[in-house]
Amino acid sequence: MTDGTGKGQPKKETAGSAREVAMEILLDMDRNGRFSSQALEDGLRKIQFQEKEKRAMVTRLVEGTTEYRLQLDAVLDQYAKLPMKKQKPKVRTLLRMSVYQMLYMDSVPDHAVLSEAALYMKRHHLNGLTSVVNGILRNVQRGMGSGDVQHLMEENMSIMYSTPEWLVDRLVRDHGEEKAGRILQASFKDRFLTVRNNQTKQTVSELLDIFRSNGITAAPGEESPMAIRVETVDFVRRLPGYREGRFSVQDESSMQAIEALELTKGEKVLDVCSAPGGKACYAAECGAVVTSRDLTEDKTDRIRENAERLGLTLRIEERDAMMPCSEDAEAYDVVLADVPCSGLGVMGRKNDIKYHVTEEGIHALAEQGRRILEVAGGYVRPGGRLLFSTCTILREENQDAAEAFLADHPEFAKGKEREFLQGEDPCDGFYYCIMEKRA
């Protein structure tokens, strides 16, 4: 089988040391509840000057084991006497990573996986459990040969797509079974990096030339005229032009939300949930006069860092989006409310977000989004626009919130609205609705 993340036969010493680093990162996540993106970034920073081949294998092992964790546990629970949730952290993590390699890394022979697992147990003084781990892995190997493992993985959508059953049910309810399947399947596919050209520095064609002249595989985007899709990226900060502020990392769906506003030069724009500042900076690149706000100093520092790198002038303030500012009543031409959400539109980029989100959390986020939207609407001048957006794909957080706001505020009319879905659109999942305030 293959998980779509690419193949390659690593050198033996690189493969062994990469597995050790991947184990450390996966254990960090298991023990401390950290998101894979954070743990992986910290782990890769420690080996950033080692060979690219090693870093690539570490990334694949961590991301793949994480993406398929629920499925891997379902398989392992069939062949282990002790359920995965009761296994020692090192044993549980080693079993998951080993079975991931056996199922999805065709370039790694099963005997190499079993051998490395035994060596890991020995190096970490777990000799007494070596035979247990070896026995479980050999049972899985036999199950793969008989077809039993494949049958188990295809048993239901939850195991097939390694997604909690309740979340599968929500997606089916909101989008239908066929579309839900495509959304979940898309989260396992290869992902490219999308950047937004900083039009105050150069044209898209000029930035493409810069990338290509430096050996970077790049092509224009499909949804936005400012988008470029970049492949073969190791560290974003090492891309030519990053430090000079020639581009920002942003998905095309998010770019589209700003483009749908059709901003004109000099319009006053307020972004109430701005960090890290992607939409605010794009608005400034379009000639708008932008005020950018977020809740904490850490978040406003990120906005400031991005704006300075891009050579943009933004007014940056530390404020709570749920607390009204009476002096800003009807003071802005455009207000952006990209509210906190479950983030299910970016499951493919944040491969463990599906394990952290809960139904209770979704209800709380939807309510928070509605409260922010209520406050943000008060800042829009008559004749102005309110942009409501999220990076999720659940109706409760998106269409239901927009419809509730419009029902409570007859002075607003629905303008452009769009939902992007992974597997349906060539970008991340996203939602935006522009609401126009009557003059």
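Shown above is the structure to which this text applies.
Everything in this summary refers to the structure shown in the same document.

Cut-offs applied
Residues numbered from 1 in each chain as written. Predicted model: local features only at pLDDT ≥ 70, side-chain atom pairs only at ≥ 80, totals over all residues. Heavy atoms only, no water. Pairing = 2+ DSSP bridges. Helix = DSSP H or I, 4+ residues; strand = E, 2+ residues; numbered from the N terminus. Axes fitted to C-alpha atoms, helices over the stretch in contact; angles between N-to-C directions. Contact = heavy atoms within 4.5 Å. Phe/Tyr/Trp six-rings, centres within 6.5 Å; stacked < 30°, edge-to-face > 60°. Buried < 20%, exposed > 50% of the residue type's maximum accessible area, 1.4 Å probe, protein only. Lys NZ or Arg CZ within 6 Å of the ring centre and 35° of its normal. Disulfide = S-S within 2.5 Å.

## Some points on the sheet that holds strand β3 (residues 227–230)
- Spatially, four strands are ordered β2-β3-β1-β4 in an open sheet, and the strand pairing comes out antiparallel. Each edge of the open sheet is held by one strand with a lone partner, namely β2 (218–220) and β4 (247–249). Shown here is a sheet whose adjacent strand axes are inclined to one another by a mean of 35°, direction ignored.
- In the sheet, β2 pairs with β3 via three bridges, with the strands oriented antiparallel. By the bridge assignment for β3, P220 is matched with I228.
- Of the strands in this sheet, β1 (193–197), β2, β3 and β4 touch helix α12 (residues 204–213), which is tilted by about 165° from β2.

## Observations regarding the packing of aromatic side chains
- All chains considered together, the criterion is met by 10 aromatic pairs.
- With centroids separated by 6.0 Å and ring planes inclined at 70°, the aromatic side chains of F388 and Y431 adopt a geometry described as edge-to-face. Residue F388 is found in strand β9 (residues 380–390), and its partner Y431 is found in strand β11 (residues 430–437); the two are separated by 43 residues along the sequence.
- Judged by its relative accessible area of 1%, Y431 is buried.
- In this arrangement the basic side chain of R69 is found over the ring face of Y355, its NZ or CZ atom lying 4.0 Å from the centre.
- The ring of Y332 is capped by K268, whose NZ or CZ atom sits 5.1 Å from the centre of that ring.

## Quick word on helix α4 (residues 69–79)
- Those residues of α4 that sit buried are Q71, L72, D73, A74, V75 and L76.
- On the buried face of α4, the contacting elements are α3 (52–67), α5 (89–104), α7 (130–146), α8 (148–153) and α9 (157–160).

## Quick word on the state of the cysteines
- Here the structure, examined in full by the defined rule, presents zero disulfides.
- Summary of cysteine pairing: C391 is not part of a disulfide, and the nearest cysteine sulfur, belonging to C341, is at 3.5 Å.
- Of the cysteine sulfurs around C427, a residue in no disulfide, the closest is that of C391, at 12 Å.
- Given a relative accessible area of 10%, C427 falls into the buried group.

## A few points about unusual backbone geometry
- Cis geometry marks the peptide bond from A275 to P276, where omega comes out at 5°.
- In this fold, P276 is placed in the loop between β5 (268–271) and α14 (278–285).
- Of note in this structure, H125 is not a glycine but carries a positive phi near 55°.
- Positionally, H125 belongs in the loop between α6 (110–123) and α7.
- You will see that S162, though not glycine, has its phi angle at about 50°, which is positive.
- Inspection of the secondary structure assignment puts S162 in the loop between α9 and α10 (165–175).

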